[in-house]
Amino acid sequence: MDNQQNLPQAAEIAIVGGGIVGCCVAYHLAKLGKTDIVLLEQGQLSCGTTRHAAGLVGQLRSNPAMTSLFRYSTQLYSELETETGPATGWTQTGSVTVARTDDRMTMLLRTAASARAQGVDVDVDVDVITPDAAKDKWPVMQVEDVKGGLWMPGDGKANPTDLTQSLAKGARMRGAQIA
Ligand SMILES: Cc1cc2nc3c(=O)[nH]c(=O)nc-3n(C[C@H](O)[C@H](O)[C@H](O)COP(=O)(O)OP(=O)(O)OC[C@H]3O[C@@H](n4cnc5c(N)ncnc54)[C@H](O)[C@@H]3O)c2cc1C
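Residues numbered from 1 in each chain as written. Predicted model: local features only at pLDDT ≥ 70, side-chain atom pairs only at ≥ 80, totals over all residues. Heavy atoms only, no water.

### Considerations on the packing of aromatic side chains
Right, on to step 1. Applying the stated rule across the entire model yields one aromatic pair.
Right, on to step 2. The ring of Trp-151 carries the charged tip of Lys-137 above its face, separated from the ring centre by 4.1 Å. (Phe/Tyr/Trp six-rings, centres within 6.5 Å; stacked < 30°, edge-to-face > 60°. Lys NZ or Arg CZ within 6 Å of the ring centre and 35° of its normal.)

### Side note on the packing of helix H1 (residues 20–31) against helix H2 (residues 64–84)
Right, on to step 1. Look at H1 against H2: their axes get within 14 Å of each other, and the N-to-C directions meet at 75°. Comparing the axis directions of H1 and H2 gives the class roughly perpendicular. Contacts between H1 and H2 involve Tyr-27, His-28 and Lys-31 from the former and Tyr-72, Leu-76, Leu-80 and Glu-83 from the latter.
Right, on to step 2. Here the contact of H1 with H2 is composed, by residue class, of four nonpolar, one polar and two charged. (Axes fitted to C-alpha atoms, helices over the stretch in contact; angles between N-to-C directions. Helix = DSSP H or I, 4+ residues; strand = E, 2+ residues; numbered from the N terminus. Parallel < 35°, antiparallel > 145°, perpendicular 65-115°, else oblique. Contact = heavy atoms within 4.5 Å. Nonpolar A, V, L, I, M, F, W, Y, C, P; charged D, E, K, R; others polar.)

### A word on the nonpolar core
Right, on to step 1. Ile-37 and Leu-39 are the most contacted members of the largest nonpolar core, which has 22 residues in total.
Right, on to step 2. Contributions of two or more residues to this core are made by strand S1 (13–16), H1, strand S2 (37–40), H2 and helix H5 (160–173).
Right, on to step 3. Taken domain by domain, this core gets at least three of its residues from each of domain 1 (1–55 + 160–179) and domain 2 (56–158).
Right, on to step 4. The contact partners of Ile-37, leaving out residues within four places of it in the chain, are Ile-13, Ile-15, Ala-26, Leu-29, Ala-30, Ala-176 and Gln-177.
Right, on to step 5. Counting nine residues, the second-largest nonpolar core is a separate cluster that includes Ala-115, Val-126, Leu-150 and Met-152. (Core = buried A, V, L, I, M, F, W, Y, C linked by side-chain atoms within 4.5 Å. Buried < 20%, exposed > 50% of the residue type's maximum accessible area, 1.4 Å probe, protein only. Domains from an automatic or database assignment.)

### Looking at the sheet that holds strand S5 (residues 127–129)
Right, on to step 1. Taken in spatial order, the three strands make up an open sheet running S4-S6-S5, and their pairing is antiparallel. If you trace the sheet from one side to the other, it starts and ends with strand S4 (95–99) and S5, each paired once. With strand direction ignored, the average angle separating the axes of adjacent strands in the sheet is 25°.
Right, on to step 2. Strand direction decides the pairing type here: S5 and strand S6 (residues 148–152), joined by three bridges, are antiparallel. Following the sheet pairing, Val-128 is matched in S6 by Leu-150.
Right, on to step 3. Against the sheet, helix H3 (residues 102–117) touches S4, S5 and S6, its axis set at about 140° to S4. (Pairing = 2+ DSSP bridges.)

### Remarks on H3
Right, on to step 1. Given a rise of 1.5 Å per residue, 16 residues ought to cover 22 Å, and the 22 Å separating the end C-alpha atoms of H3 matches this to within 8%.
Right, on to step 2. Lining the buried residues of H3 we find S4, S5 and S6. (Expected span 1.5 Å × (residues − 1).)

### Some words on the domain arrangement of the protein chain
Right, on to step 1. Under the domain assignment used here, the protein chain contains domain 1 (1–55 + 160–179) and domain 2 (56–158).
Right, on to step 2. Each of domain 1 and domain 2 has a C-alpha centre, and the two are 29 Å apart.
Right, on to step 3. The three residues of domain 1 that bury the most area against domain 2 are Gly-55, Leu-163 and Ser-166, which together make up 43% of that side's buried surface.
Right, on to step 4. Glu-83 is the partner of Arg-174 in a salt bridge, and the nearest nitrogen-oxygen pair spans 2.8 Å.
Right, on to step 5. At the surface where domain 1 touches domain 2, the tally comes to six residue pairs in polar contact (both at pLDDT 80 or more).
Right, on to step 6. Sorting the residues of the side of domain 1 that touches domain 2 by element identifies H1 and H5 as the ones contributing at least two each.
Right, on to step 7. If you tally residues by element for the side of domain 1 that touches domain 2, the top one is H5, at eight residues.
Right, on to step 8. In the side of domain 1 that touches domain 2, the residues fall into six nonpolar, four polar and four charged. (Buried area = accessible area lost by both parts, 1.4 Å probe. Salt bridge = Lys/Arg side-chain N within 4 Å of Asp/Glu carboxyl O. Polar contact = N/O pair within 3.5 Å; in protein donor to acceptor, adjacent residues only side chain to side chain.)

### Quick look at the side chain of Thr-50
Right, on to step 1. Mapping Thr-50 onto the fold places it in the loop between S2 and strand S3 (56–57).
Right, on to step 2. The class of Thr-50 is buried, set by a relative accessible area of 12%.
Right, on to step 3. Not counting the four nearest positions on each side in its chain, Thr-50 is found in contact with Gly-19, Ile-20, Pro-160 and Thr-164.

The following block contains the structure:
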């Protein structure tokens with residue numbers, strides 16, 4: 001759909017904004033079986049803030065609900081290209097988070113323990129690593145003042161614009177309309 005003349009008079013669900021959030025909502029509602037969905041974007045899909053995002057996807061968050069959400073995101077992003085066709089730029093690179101103070105290291109250790117304690121629903125792989133191990137992962141890093149860090153092998157990066165298009169295509173494939 002590409003002009004206002006084709007807009008339906010009514011829809012069960014209207015979503016305003018075709019950034020990653022709007023397209024993701026459309027995709028998941030369509031996946032839940034909703035078909036009478038219209039997503040309205042004033043410009044082009046992902047023309048807003050989404051276009052400027054770096055695309056880093058880290059699973060370790062400060063609370064269980066957010067960690068579950070990001071864990072799900074990494075699974076979805078790794079499968080979406082196969083499902084819808086367009087590339088998403090998803091690459092499972094792993095990530096290194098480092099601490100330069102004892103307090104920050106304590107915070108990282110607590111966050112890692114909390115991620116592990118979240119159990120099978122989350123199942124996040126996280127390793128506590130030494131400064132030298134961090135340097136092995138990213139050799140240009142200066143580690144003289146680093147206390148330690150965390151290695152998250154399941155983290156990665158995606159292209160936010162391509163990801164948005166891919167979610168939009170997945171929504172369209174299930175009957176949603178995008179204007
Ligand atoms: C892979 C990925 C990784 C990310 N990583 C990080 C991160 O590490 N840290 C972080 O802080 N953030 C991250 N982000 C989030 C990112 O920075 C933005 O916060 C996010 O993309 C915003 O999405 P949005 O859909 O809410 O907003 P937008 O992308 O701004 O989309 C809103 C859309 O609504 C449209 N619109 C507005 N008003 C109207 C209207 N009246 N009628 C019709 N259309 C309208 C706009 O044109 C726009 O396209 C990440 C995002 C992605 C996709």
